[in-house]
Structures are given as structure tokens and as C-alpha cells.
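# Examining the three-dimensional arrangement
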Amino acid sequence: MKTITAAELDEKFDNGEDISEYLDWSKASRPNLELKHVDIDLPAWILRDLDREAERLGVTRQSLMVEWIKERLEASRQSK
């Protein structure tokens, strides 16, 4: 892996150059995106409707729930 200054890296990135040779991908992380498992009990009718909507959109139930929760939290933050 090559070493350069932060300013040089910023300039290469801003110019659209490939900077991958300067990065150690084995140490890369995605802060605040680590997954946590949760359990939730829902009435059967909600699951049926949720599955129907997920199928209509071509996504999984979990993906749909994550997206809807994310949208609601973002809207809540914006209204404050």
C-alpha cells in the first residue's frame, strides 16, 4: 500500500482518480451501519398486508420494514 498525505489523497479523489491503492480495505468499517437483531410480534393481518406490499414492490419483508422505519425516523427528525 502506498503512502501519501491527506491533502494529496483529497486532491486525487476530487479529480476522480482511483485512490484504492492508498486504502487498506481490510480495516474498512461502516460506522452506524452494523446490524443488530430485534424480535417483534405483530398481528397476523399486519404481516399479511406487509408481505403483500413487499411482493408488489419486489423486495423482502425485512427490506420493506427497514425502509419504512427509516423514512419515519427521517421525517421525525425533519419536523423537529
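None of the values given here were measured: they were computed from a predicted structure. (Residues numbered from 1 in each chain as written. Predicted model: local features only at pLDDT ≥ 70, side-chain atom pairs only at ≥ 80, totals over all residues. Heavy atoms only, no water.)

Moving on to helix α2 (residues 44-57). Compared with an ideal rise of 1.5 Å per residue, which puts 14 residues at 20 Å, α2 spans 20 Å between its outermost C-alpha atoms and is within 8% of the ideal. Positioned one or two residues after α2, G58 has a phi angle of 75°, which is positive. (Helix = DSSP H or I, 4+ residues; strand = E, 2+ residues; numbered from the N terminus. Expected span 1.5 Å × (residues − 1).)

Once that is clear, we can look at helix α1 (residues 6-14). Of all 9 residues in α1, 0 are buried, a share of ten percent or less. G16 occupies a position one or two residues after α1 and carries a positive phi of about 80°. (Buried < 20%, exposed > 50% of the residue type's maximum accessible area, 1.4 Å probe, protein only.)

Turning our attention to the pattern of salt bridges. Enumeration over the complete set of coordinates arrives at 7 salt bridges. Here R52 and D49 are joined by a salt bridge, their closest N and O atoms 3.0 Å apart. Highlighted residues: R52 and D49, both in helix α2, separated by 3 residues, approximately one helical turn. Between R56 and E53 there is a salt bridge; the shortest N-O distance is 2.6 Å. (Salt bridge = Lys/Arg side-chain N within 4 Å of Asp/Glu carboxyl O.)

Attention now goes to a negative patch on the surface. Judged by side-chain charge, E8, D10, E11 and D14 come together as a negatively charged surface patch. Within the secondary structure, E8 sits in helix α1. (Patch = residues over 30% accessible without salt bridge, like charges linked within 9 Å, V, L, I, M, F, W, Y side chains within 5 Å. Areas by Shrake-Rupley, 256 points an atom, 1.4 Å probe, with all protein chains shown as cover. Lys, Arg positive; Asp, Glu negative; His and termini not counted. Charge placed at Lys NZ, Arg CZ, Asp CG, Glu CD.)

Put simply, α2 and helix α3 (residues 61-78) touch, their axes get as near as 9 Å, and they point 95° apart. The angle between α2 and α3 falls in the class roughly perpendicular. Side by side, α2 and α3 meet where L47, L50, D51, E53, A54 and L57 of the first sit next to R61, L64, M65 and W68 of the second. (Axes fitted to C-alpha atoms, helices over the stretch in contact; angles between N-to-C directions. Parallel < 35°, antiparallel > 145°, perpendicular 65-115°, else oblique. Contact = heavy atoms within 4.5 Å.)

Turning our attention to the confidence of the model for the chain. When the pLDDT values of the chain are averaged, the result is 94; 100% of them are 70 or greater. Averaged pLDDT values for the elements of the chain fall to 95 in α1 and rise to 98 in α2. (pLDDT = per-residue confidence, 0-100.)

Tracing the backbone through its elements, the reader meets L9 in helix α1. Expressed as a C-alpha distance, the spacing of L9 and I46, which sit 37 residues apart in the sequence, is 50 Å. The residues contacting L9, other than those within four sequence positions of it, are I4, I19 and Y22.

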